[in-house]
Amino acid sequence: MKEKKEPLVKLYRLIQLVLIAIVIYFIWPHISNVVMILAIVFLFTTILLPAVDWLEGKIKSRILAVLMLLFFLLAIIVLFFGSFGVNFYNEGKEFSQNIDKEKVAQTLEKMSQATTAKLPGFIKETINEQTKDIDYTARVGKIVQSIAEKFTAFAAKLGTFVFLLFMTLIFTIILLYEYHNFKKSLVSLISNRYFEISLKLISQIEKQVSGYLSGQLLAATSVAILSILGLFLINTLFDANLSLIIFIGVIAGLANLIPLIGPFAGMIPAILIAILNNIQNPAAVEHFFFIPHIIIMFIIVQQIDNNLVSPVVVGKSVGIHPIVVLIALIIGGNLMGPIGMLFAVPTVGVMKVVFTEIRWVMKNAQYL
Amino acid sequence: MKSPIWENIFKGWNKEKESDTVLTLKQVPIFADLTEKEFTQIEKIIHKRNYKPKEFIFKESAPGVGMYIIMKGSVDIVINSSTEDETILATMKEGNFFGELTLLDEKPRSAAAVSRENSVILGFFRPDLLDLLKRKPSFGIKILLNLASIIGDRLRDTNEKLGNFRRGKK
């Protein structure tokens, strides 16, 4: 009797799965934002939970601990991005107002000539032929116009972003405050047979994920500090006129959370600032706007991070294969753009920890 | 003027009725000397589970995660379970507790625990104790001290028995 039933049960389960997939496919566009918020909230909660637990131990009130920590972090973020954002905006505005398109075009032409002069003869001739008809003034105009258009599009998306940010903050407060009760309610749904092993699994996952994420944050902090020091050195030794170095350093640290692409992305603000600040400085043009200096500095910072800092703070326990990292970055980028890329690797890290633990459980299934 | 509405609203205000869970916890020496507030907090992190007759609470050699307190029913502590050599080492009754050593380490269980009848069992687990130590250190230390005192008593008891045994042999 049982044998006759099995294929039917399998078919029933298959139909169930297909139906679930269809439902998810149709409702995904409506729930993708909520899923993204929940994923981010979970990551924030995992990172902040040890600090909230510690603070609760000191001040004896969990809600106060959650609010104090979040408002402290928010204050830092708002102050940081507020002050540097305003500075950056002012600099950009000043640049666009004062920029003498003719002079910039001349500078670019001069730089292009200086570069080609250093190249071997045959390449020089080819380049000269290709570039003789380029109208640099028109090109600079087009670039400035395209930047302005992108800023307008960005402002339109800012409204949605602020709303999502607000929701993320509210959910994070609730989850941080109710985390232990929430976990207990979830655990209560597990059957007696898997109860102990699930508790062990959850505790292991929490420990590993928290260690992995705090390790990543420590590594990012070290990259930020090293980049700030490096930029300061470039300013002091070569008089590079780089401003907003703390802002650039922090962006480099954050970008470092995205492996492979991050380190290069981290250089972009520094290079942009170097060009913005030195565009009308002939001495800087000689040094190619100090771009080589900046690139070398970032490569040194990366080497220090990869060989000294990361092995100590992140550890090799959650090492992910570079190909998996690339695939995760492509999927993350496709799903949610730069934010998706930022969260892709931590998410894969979390999934790896979960799968390692589940494999352990399956190996020890005789105890269930 | 007395209003029945207000009297009813504030009836029992500030007077929390002790739950069955707290009453059971009060019988366990590990939670001795805790304040009422601390008992309420322990109640929040403790897991209440229902077991059917012959259902395993944990199996022999499984990695230990925490201790259990019997609220209702009874539990057999068994070695070589589900084999011909199955031996019942002890039968635990309401208010008894077992598995407390796994609060200190995660060594495998030396015996299995099987529910004899429909039982309600409270579980207190190592990850929750570690959380408690982080969040409320003075409270967590109270529990650890009680646990150390129980283990100390048992060690003294074992030493005494070993002494008696040796003396008997001579």
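Reading the values: the criteria
- Residues numbered from 1 in each chain as written.
- Chains lettered and ligands numbered in written order.
- Predicted model: local features only at pLDDT ≥ 70, side-chain atom pairs only at ≥ 80, totals over all residues.
- Heavy atoms only, no water.
- Helix = DSSP H or I, 4+ residues; strand = E, 2+ residues; numbered from the N terminus.
- Buried < 20%, exposed > 50% of the residue type's maximum accessible area, 1.4 Å probe, protein only.
- Contact = heavy atoms within 4.5 Å.
- Areas by Shrake-Rupley, 256 points an atom, 1.4 Å probe, with all protein chains shown as cover.
- Pairing = 2+ DSSP bridges.
- Core = buried A, V, L, I, M, F, W, Y, C linked by side-chain atoms within 4.5 Å.
- Buried area = accessible area lost by both parts, 1.4 Å probe.
- Salt bridge = Lys/Arg side-chain N within 4 Å of Asp/Glu carboxyl O.
- Polar contact = N/O pair within 3.5 Å; in protein donor to acceptor, adjacent residues only side chain to side chain.

K.L.:
Give me the overall build of chain B: which residues, what numbers.
P.N.:
Counting secondary structure elements, chain B contains five helices and eight strands. Each helix and strand of chain B, ordered N terminal to C terminal, gives the series α-α-α-β-β-β-β-β-β-β-β-α-α. Burial statistics for chain B: of 170 residues in total, 41% are counted as buried. Once local pairs closer than 6 in sequence are excluded, the contacts in chain B between residues at least 24 apart make up 73%. As presented, chain B carries roughly 10,400 Å² of accessible surface, and 54% of it is formed by carbon and sulfur atoms.

K.L.:
Run through the environment of F298 of chain A, naming residues and quoting values.
P.N.:
Residues and elements named next belong to chain A. Checked against the element boundaries, F298 lands in helix α10 (residues 291–313). Note on F298: relative accessible area 2%, which makes it buried. Residues F298 and L231, spaced 67 residues apart in sequence, show a C-alpha to C-alpha distance of 9.1 Å.

K.L.:
I'd like a rundown of the pairing of strand β3 (residues 66–72) of chain B, residues and numbers included.
P.N.:
Residues and elements named next belong to chain B. Where burial is concerned, most of β3 is hidden: six out of the seven residues are buried. Pairing of β3 with strand β8 (residues 119–125), which is carried by six bridges, proceeds in the antiparallel orientation. Bridge pairing in β8 links Y68 to G123. Across two bridges, β3 lies against strand β6 (residues 97–98) in antiparallel orientation. Residue Y68 lies in a different strand from β6, and its bridge partner there is F98.

K.L.:
Please set out the nonpolar core residue by residue, giving values where relevant.
P.N.:
Residues and elements named next belong to chain A. Residues L231, L242, I294 and F298 are the most contacted members of the largest nonpolar core, which totals 26 residues. Those elements giving two or more residues to this core turn out to be α2 (62–98), α6 (192–238), α7 (245–255), α8 (262–278), α9 (282–286) and α10. Among the elements that line this core, the one with the most residues is α8, at five residues. Sequence-distant contacts of I294, that is, excluding residues within four places in its chain, are made with I234, L242, A270, I271 and A274.

K.L.:
Lay out the interface of chain B and chain A with the relevant residues and their values.
P.N.:
Accessible area lost during the coming together of the parts is what is often quoted as the interface size. Each partner contributes to the interface: chain B provides 27 residues, whereas chain A provides 23 residues. When the two sides are added together, the surface that chain B and chain A hide from each other amounts to roughly 2,100 Å², 51% of it contributed by carbon and sulfur. Three residues, R49, P63 and R135 of chain B, lead the burial of chain B against chain A; their summed loss comes to 31% of the area buried on that side. The interface formed by chain B and chain A includes four salt bridges. Linking E56 of chain A and R135 of chain B is a salt bridge whose minimum nitrogen-to-oxygen distance equals 2.9 Å. Our count for the contact surface shared by chain B and chain A stands at twelve residue pairs in polar contact (both at pLDDT 80 or more). Of all elements in the fold, only α3 (36–45), β1 (47–51), β3 and α4 (126–135) of chain B reach the threshold of two or more residues within the side of chain B that touches chain A.

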